[in-house]
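One letter stands for each residue in the lines below.
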Amino acid sequence: MLSVKNLCRSFREGAREHRVLEHAEAEFAAGEVVAVIGRSGSGKSTLLNLISGIDRPDSGTVSVDGLDVTALTEPHLTLFRRRHIGFVYQFFNLVPTLDVEENVRLVLELNGVRGAEARERSSAMLQEVGLGDRLHSLVDTLSGGEQQRVAIARALVHRPPLLLADEPTGNLDEETARQVLPVLLSLTRQRGATLIIVTHDTALARTADRTLELRDGRLQEALP
Ligand SMILES: Nc1ncnc2c1ncn2[C@@H]1O[C@H](COP(=O)(O)OP(=O)(O)OP(=O)(O)O)[C@@H](O)[C@H]1O
Ligand SMILES: [Mg+2]
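Caption draft 1: Highlighting the pattern of salt bridges. A full pass over the atoms with the stated rule returns 16 salt bridges. Note that R19 and E22 form a salt bridge whose closest N and O atoms lie 3.1 Å from each other. Relative accessible area serves as the criterion here: at 55%, R19 is assigned to the exposed category. What makes E22 partly exposed here is its relative accessible area of 27%.

Listed below in structure tokens is the structure:
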């Protein structure tokens, strides 16, 4: 479903070249849940940014269902990202001036779904994450765990085949993380989407189908 080949990315630091990814390679099957671990600064977020086309590699390719993402021009990339990818971030990244339902509906509207259908689909998605009674609350009046469930609903509502989660529980306390994570995993599995989840949480990594470790710029299978 997703194939990462020979991916290289470095950043310039003054006169020095900081090589973050060096020939990183991995294959992800449809419906697979893969945890990505690695120490801080090892390039985990960089990898997700390259997969979603937010960042461009120095060399190498990312292909999603046979489409070479690295070859797309900016407008095509934007469309590809909107339709094919759902994101969950550590700091939720919700729109504070919109209510819960509007935050989720926005993604549908960007994908051309409008009116009653958009409202019904976003409300139904919010029911599934247990927020059916908070549809018209402003997002900053919600707890961290609730905000992350809004973010999960937003990531899934347009049924993307690929979900990217960058430390989705990194900003939640342990107990809240234990409540939110199964929501993300079970909804992803129900829909048969592929999930790549960056985490420092070893318990979380164990619930994935596979764990990859980023080390010295390369991806390697980590032992469970
Ligand atoms: N836009 C950028 N410009 C310069 N350096 C960058 C840029 N983005 C990332 N880096 C560098 O690349 C390295 C990897 O960063 P990245 O954010 O991918 O790490 P990470 O594994 O996600 O770390 P963390 O676990 O702390 O989130 C870091 O040393 C970082 O400083
Ligand atoms: Mg990171």
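Caption draft 2: The arrangement of the site of ligand 1 in detail. Around ligand 1, 13 residues are found, and the nearest of them are S40, G41, K44, S45 and T46. Taking G41, its main chain carries an N or O atom lying 2.8 Å from an oxygen atom of ligand 1. T46 places a side-chain nitrogen or oxygen 2.6 Å from an oxygen atom of ligand 1. Relative to its unbound accessible surface of 640 Å², ligand 1 loses 60% to contact with the protein. At the level of secondary structure, the elements contributing two or more residues to the shell around ligand 1 comprise strand 2 (16-28) and helix 1 (44-51). Per element, the largest residue contribution to the shell around ligand 1 is 3 residues, and it comes from helix 1. Tallied by class, the residues present in the shell around ligand 1 amount to 2 nonpolar, 8 polar and 3 charged.

Caption draft 3: Region of interest: the packing of aromatic side chains. Throughout the structure, instances matching the rule amount to 1 aromatic pair. Taking 5.7 Å as the distance between ring centres and 10° as the angle between the ring planes, the aromatic pair formed by F87 and Y89 counts as stacked. F87 sits in the buried class, given a relative accessible area of 17%. The exposure class of Y89 is partly exposed, given its relative accessible area of 29%.

Reading guide: rules and limits
- Sequence order as written defines the numbering, with residues in each chain counted from 1.
- In the order they appear in the text, chains get letters beginning with A and ligands get numbers beginning with 1.
- Side-chain atom pairs in this predicted model are given and counted only at pLDDT of 80 or more, local residue features only at pLDDT of at least 70, and totals for whole chains, interfaces and linings cover all residues.
- Side-chain numbers here rest on the full set of heavy atoms in the structure, without hydrogens or water.
- When a carboxyl oxygen of Asp or Glu is within 4 Å of a side-chain nitrogen of Lys or Arg, the pair counts as a salt bridge.
- Accessible area is worked out with a 1.4 Å probe on protein chains only. A residue is then buried under 20% of its type maximum, exposed over 50%, and partly exposed in between.
- We call a residue near a molecule or strand as soon as one heavy atom of that residue lies within 4 Å of the molecule or strand.
- Under this definition, polar contacts are N or O atom pairs within 3.5 Å; protein pairs additionally need one hydrogen-donor-capable and one acceptor-capable atom, and for neighbouring residues in sequence, both atoms have to be side-chain atoms.
- Computed with a 1.4 Å probe, the accessible areas rest on the Shrake-Rupley method; for each residue, only the protein chains presented here act as cover.
- Numbering of helices and strands runs from the N terminus, with a helix taken as a DSSP run of H or I at least four residues long and a strand as a DSSP run of E at least two residues long.
- Amino acid classes used here: Ala, Val, Leu, Ile, Met, Phe, Trp, Tyr, Cys and Pro are nonpolar; Asp, Glu, Lys and Arg are charged; the rest, including Gly, are polar.
- Stacked, tilted and edge-to-face pairs are distinguished by plane angle, under 30 degrees for stacked and over 60 for edge-to-face with tilted covering the rest, among Phe, Tyr and Trp rings (Trp via its six-membered ring) whose centres lie within 6.5 Å.

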